[in-house]
Amino acid sequence: MSGVQILTVAAEDADQRLDRWLRRLFPQLNQIRIEKMCRKGELRVDGGRVKPATRLAEGQQVRVPPLPAPGSIPARVATRVSDADAKLIRNCVIYKDDEVIAINKPAGLATQGGSKQTRHVDGLSEALKFDYDEKPRLVHRLDKDTSGVLLLARTRLAAQALTAAMRHKDTRKIYWAVVAGVPTPYLGEIKYGLVKAGGHGSRGEGEKMVCVHPRDVASTPGAKRAITQYATLYRVASRASWVAMEPITGRTHQLRAHMAEIGHPIVGDGKYGGSGQENLGDGWGAKLGGVISNKLHLHARTMQFEHPTNKKVITVTADLPEHMALTWETFGWTPDLAADDPFEELR
């Protein structure tokens, strides 16, 4: 075992998560051990208790308790990506330069590992190193069943810049969805706060967000404000609509919870829309039936960001997944019908 160490965060390590920084410095550590050290208060930053996700700043002092010697805990073995999975993830690349990779994430592929998730973008990104020594780093995430633009940084400094841009809202993300019914007004803003549901039951409580009226956010423990702009682009009578959405904040399940709250759940959303409910044109029931797929109809269509090195504004666009493309074809919609910026009137 080593003794207590006091480490200073270097400039190039600023804005990294504490757990990732530690695992890079001490490969013998695993996530479970780091979380335990945080819970017990053994791991501290500038003398204060921290969480594994705490972001570090240049010059901070990190107290690291005695650690097991390297080799005493089995080292993590780099994920081996099968040839088929390597081909799949490389075929998803829609933008690549020296600093950034963007992929069109398939629906059904998790962004990161978790409960019962062994196949995910973070693991498959081993196949996206190309000529680099390290795999690219995720700088944001998409829900497992949401498809579309997902950014990865190829260097530590690029990850730092892109993560900061996400937090400071210097990026724009526009999502496309099909929702039950027709939202009115056609162009609007949803400002319900979000709080995690209690419990961990079979219906997914604890992984579900509950909407809170804006006036009650401050008085609701754990609630966070959330803002979504939406634009109704095209409709199929009163049954369903093609909607563009821009999350002004980035909360868990924000778009799905917000659309369900205003009575227009995203088609195929069993968690928030009740996929078993028939949509009879009243705006409720996320199952349209017929030839329309029951998969989630939510797609991160475009992402606009400032390049971390040359500072040019980059816009990346992702094609619709197969199940959504078939829905567009069924309803007679084509992607070119949408304005480049459906929210111009709100600016």
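Please read these numbers as outputs of a predicted model, since none were measured by experiment.

### Here we look at the environment of Leu138
Reasoning step 1: Its location among the elements puts Leu138 in strand S7 (residues 137-138).
Reasoning step 2: We classify Leu138 as buried; its relative accessible area is 10%.
Reasoning step 3: Distance from Leu138 to Ala159, taken between C-alpha atoms, is 7.7 Å for residues 21 residues apart in sequence.
Reasoning step 4: Contact partners of Leu138, with chain neighbours within four places excluded, come to Arg20, Thr111, Gln112, Val121, Asp122, Leu150, Leu151 and Leu152.

### Points about the layout of surface pockets
Reasoning step 1: Estimated volume of the second largest pocket: approximately 280 Å³.
Reasoning step 2: If you trace the second largest pocket, you find 15 residues lining it, with Ile174, Thr302, Ala339, Asp340 and Asp341 closest to the centre.
Reasoning step 3: Counting residues per element, the ones that place at least two in the lining of the second largest pocket are strand S9 (172-180), strand S15 (298-306) and strand S16 (313-317).
Reasoning step 4: For the lining of the second largest pocket, the element with the highest residue contribution is S15, accounting for four residues.

### Details of helix H8 (residues 322-331)
Reasoning step 1: Three or more residues of H8 are buried, namely His323, Met324, Thr327 and Trp328. Seen along its axis, H8 keeps its buried residues to an arc of 145°; they face one direction. Exposed residues lying more than 90 degrees from the buried face of H8 are Glu322 and Glu329.
Reasoning step 2: Taken from the residues just after H8, Gly332 is the one with a positive phi, measuring 75°.

### So, empty space enclosed by the protein
Reasoning step 1: Under the defined criterion, the tally for this structure stands at one cavity of 30 Å³ or more.
Reasoning step 2: Quantified by volume, the largest cavity comes out at close to 30 Å³.
Reasoning step 3: His140, Leu142, Val149, Lys173, Tyr175, Ala300, Thr302 and Met303 are the residues that line the largest cavity.
Reasoning step 4: For the lining of the largest cavity, the elements supplying multiple residues, two or more each, are S9 and S15.
Reasoning step 5: For the lining of the largest cavity, the leading source of residues is S15, giving three residues.
Reasoning step 6: Looking at the lining of the largest cavity residue by residue, the classes come out as five nonpolar, two polar and one charged.
Reasoning step 7: Residue contributions to the lining of the largest cavity reach at least three from each of two domains, namely domain 2 (83-168) and domain 3 (174-346).

The rules we used
Residues numbered from 1 in each chain as written. Predicted model: local features only at pLDDT ≥ 70, side-chain atom pairs only at ≥ 80, totals over all residues. Heavy atoms only, no water. Helix = DSSP H or I, 4+ residues; strand = E, 2+ residues; numbered from the N terminus. Buried < 20%, exposed > 50% of the residue type's maximum accessible area, 1.4 Å probe, protein only. Contact = heavy atoms within 4.5 Å. 1 Å grid on protein atoms, 1.4 Å probe; cavity = no way out; pocket = protein on both sides within 12 Å on 5 of 7 lines; lining within 4 Å. Points joined across faces, edges and corners; volume = space filled by probe spheres on them. Arc of directions from axis to C-beta. Nonpolar A, V, L, I, M, F, W, Y, C, P; charged D, E, K, R; others polar. Domains from an automatic or database assignment.

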